[in-house]
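# Coordinate analysis (summary)
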Amino acid sequence: MFTESSQSVIGRILTTTPPSFSDAEAAKIALARYGIEGAVRPLVSERDQNFSLHRPDGKRYVLKISNHAEQYDVIDFQIRALLHVADKDPSLPLPRVIPTLDGAQHGIAEHDGQPHYVRLLSWLDGSLLQEAAAGPLLARRMGRFLARLGIALRDFDHPGADLPLLWDMKRAASLADFVGCIGEPGLRRMVAEALDRFLSRVKPVLDTLRAQVIHNDMNPGNVLVDARVPDRISGLIDFGDLTKSPLIVDLAVAASYQLDPGDDPLAGVLPMIAGYHAIEPLQTTEMELLTDLIRTRLITSLLIGAYRATLFPENREYLLISHQAARNFLVNLDRLPADEALQRIRTACLKA
């Protein structure tokens, strides 16, 4: 039974060192738990440890080893969500859960006396979007994809859906303690002002919006595109930030990574919003809050990245991978008048 306070659980997960299994140890786990033998290669991860597993016959998998601070309900939540979506909309290209030799959905492996939950997922072919640019057609398709995923998850719930996750935007108030980790004075002031805006204007309205389980992390590092047809989405990975939150948060998170780096930040986002709206029409209040929610996601990335970089300097490059982009997006978004942003969002939806 979960009894710890939200703040203590969040702090424990953020400050716990990620797993440090070797490639050889990962290979032994794959063989012992899943009966699969193949070449093992480490993959990047924030708080867990992931490996690609490549069998001699060409078939590939992802072996996921969770941080030992992660709770069982969180692991089961992610597994059940994938199983649910596979049943509701099997045409969505998402990882499939591979059971252990004894038919369980996960296993356990020990390292330095600590137990870690282990999962095996199917491998999705494709190139990471972060290695390419999302043009208007791909951005629109991403919006449609995310809307379909939201529809597939609509009737899904789980005890782990409400467990604390700092990346859950409705908990953004918890980020206040990290403002001091931003070294640049001007950026620190801008972040603090954005957080105050969230607390005074956005947070009071969030509880009135439609809410459900959402993916909560459609960033370019989680979107796969077809190498032969770059505008075709071949998969969405990483359900580690899955949570129950206002539905519009899912779109805000995805949009925060598609802002245009030039003087018109919304130019790259509007096709995604239109694509989403064509499948899942946005409500009036959701449109009104979208720009502020995008801004809140940007400061979330900046604050959590800066804080964790102080804890794990050896992983600093990965933890701050989106820092400069988020900073520039935040600056450009603050230059855009709120009424102009809302009108352009409305127009994009009308044309969807």
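We now turn to the structure provided with this report. (Residues numbered from 1 in each chain as written. Predicted model: local features only at pLDDT ≥ 70, side-chain atom pairs only at ≥ 80, totals over all residues. Heavy atoms only, no water.)

### Section: the nonpolar core
Counting 90 residues, the largest nonpolar core has L94 and I273 as the members making the most contacts within it. When residues of this core are assigned to their parent elements, the largest contribution, 12 residues, is made by helix α8 (residues 284-311). Discounting chain neighbours no more than four positions away, the residues touching I273 are L251, L282, L290, I345 and C349. Counting 15 residues, the second-largest nonpolar core is a separate cluster that includes A26, I36, L53 and I65. (Core = buried A, V, L, I, M, F, W, Y, C linked by side-chain atoms within 4.5 Å. Buried < 20%, exposed > 50% of the residue type's maximum accessible area, 1.4 Å probe, protein only. Helix = DSSP H or I, 4+ residues; strand = E, 2+ residues; numbered from the N terminus. Contact = heavy atoms within 4.5 Å.)

### Regarding the pairing of strand β2 (residues 49-54)
Strand residues, when the strand is regular, have side chains that alternate between the two faces of the sheet. When you tally the buried positions in β2, you get five out of six residues, the bulk of the element. Between strand β1 (residues 39-43) and β2, which pair antiparallel in sequence order, lie five residues. Hairpin connection between β2 and strand β3 (residues 60-65): a loop of five residues separates the two successive antiparallel strands, and G58 in this loop has a positive phi of roughly 100 degrees. (Pairing = 2+ DSSP bridges.)

### Quick word on the packing of helix α4 (residues 136-152) against helix α7 (residues 270-279)
Taken N-terminus to C-terminus, the directions of α4 and α7 make an angle of 35 degrees; their axes are 7 Å apart at the nearest point. α4 and α7 meet at a crossing whose hand is right-handed. On α7, the residues touching P136, A139, R140, M142, G143, R144, L146, A147, R148 and I151 of α4 are P271, M272, A274, G275, Y276, A278 and I279. Taken together, the residues of the contact of α4 with α7 break down into 12 nonpolar, two polar and three charged. (Axes fitted to C-alpha atoms, helices over the stretch in contact; angles between N-to-C directions. Left-handed = near helix turned anticlockwise from the far one by under 90°. Nonpolar A, V, L, I, M, F, W, Y, C, P; charged D, E, K, R; others polar.)

### Observations concerning the packing of α7 against helix α11 (residues 338-350)
The interhelical angle for the contact between α7 and α11, taken along N-to-C directions, is 50 degrees, at an axis separation of 8 Å. On the basis of their axis angle, the class for α7 and α11 is oblique. Regarding α7 and α11, the two cross each other, and that crossing is right-handed. Contacts from L270, I273, A274 and H277 in α7 reach R344, I345, A348 and C349 in α11. Of the residues belonging to the contact of α7 with α11, the class tally is six nonpolar, one polar and one charged. (Parallel < 35°, antiparallel > 145°, perpendicular 65-115°, else oblique.)

### A short note on unusual backbone geometry
Here the phi dihedral of D112 falls at roughly 55 degrees; this positive angle occurs in a residue that is not glycine. Topologically, D112 is positioned in the loop between β5 (107-111) and β6 (114-122). Here D238, not a glycine, exhibits a phi torsion of approximately 65 degrees, which is positive. Judged by its relative accessible area of 32%, D238 falls in the partly exposed class.

### A short note on the sheet that holds strand β9 (residues 223-225)
Read across the sheet, three strands follow the order β7-β9-β10 without closing on themselves; strand pairing throughout is antiparallel. Each of the sheet's edge strands pairs with one partner strand only, and the pair in question is β7 (127-128) and β10 (233-236). Here β9 runs beside β10; their pairing, made up of three bridges, is antiparallel. Of the residues in β10, the one forming a bridge with V225 is I233. Packed on one face of the sheet, α4 meets β9 and β10 and runs near 45 degrees to β10.

### Examining the packing of aromatic side chains
Counted according to the given criterion, the structure contains three aromatic pairs. Considering the side-chain rings of Y72 and Y117, the 6.0 Å spacing of their centres and the 55 degrees angle between planes classify their relative orientation as tilted. Of the two residues, Y72 is situated in helix α3 (residues 72-88) and Y117 in strand β6; the sequence distance between them amounts to 45 residues. What makes Y72 partly exposed here is its relative accessible area of 37%. Classification of Y117 by relative accessible area gives buried; the value is 19%. With a centroid separation of 6.0 Å and 0 degrees between ring planes, the pair formed by F77 and F156 is classed as stacked. Placement of F77 in helix α3 and of F156 in the loop between α4 and α5 (185-206) is noted, with a sequence separation of 79 residues between them. For the cation-ring pair, R60 lies above W123, with the distance from its terminal atom to the ring centre recorded as 3.8 Å. (Phe/Tyr/Trp six-rings, centres within 6.5 Å; stacked < 30°, edge-to-face > 60°. Lys NZ or Arg CZ within 6 Å of the ring centre and 35° of its normal.)

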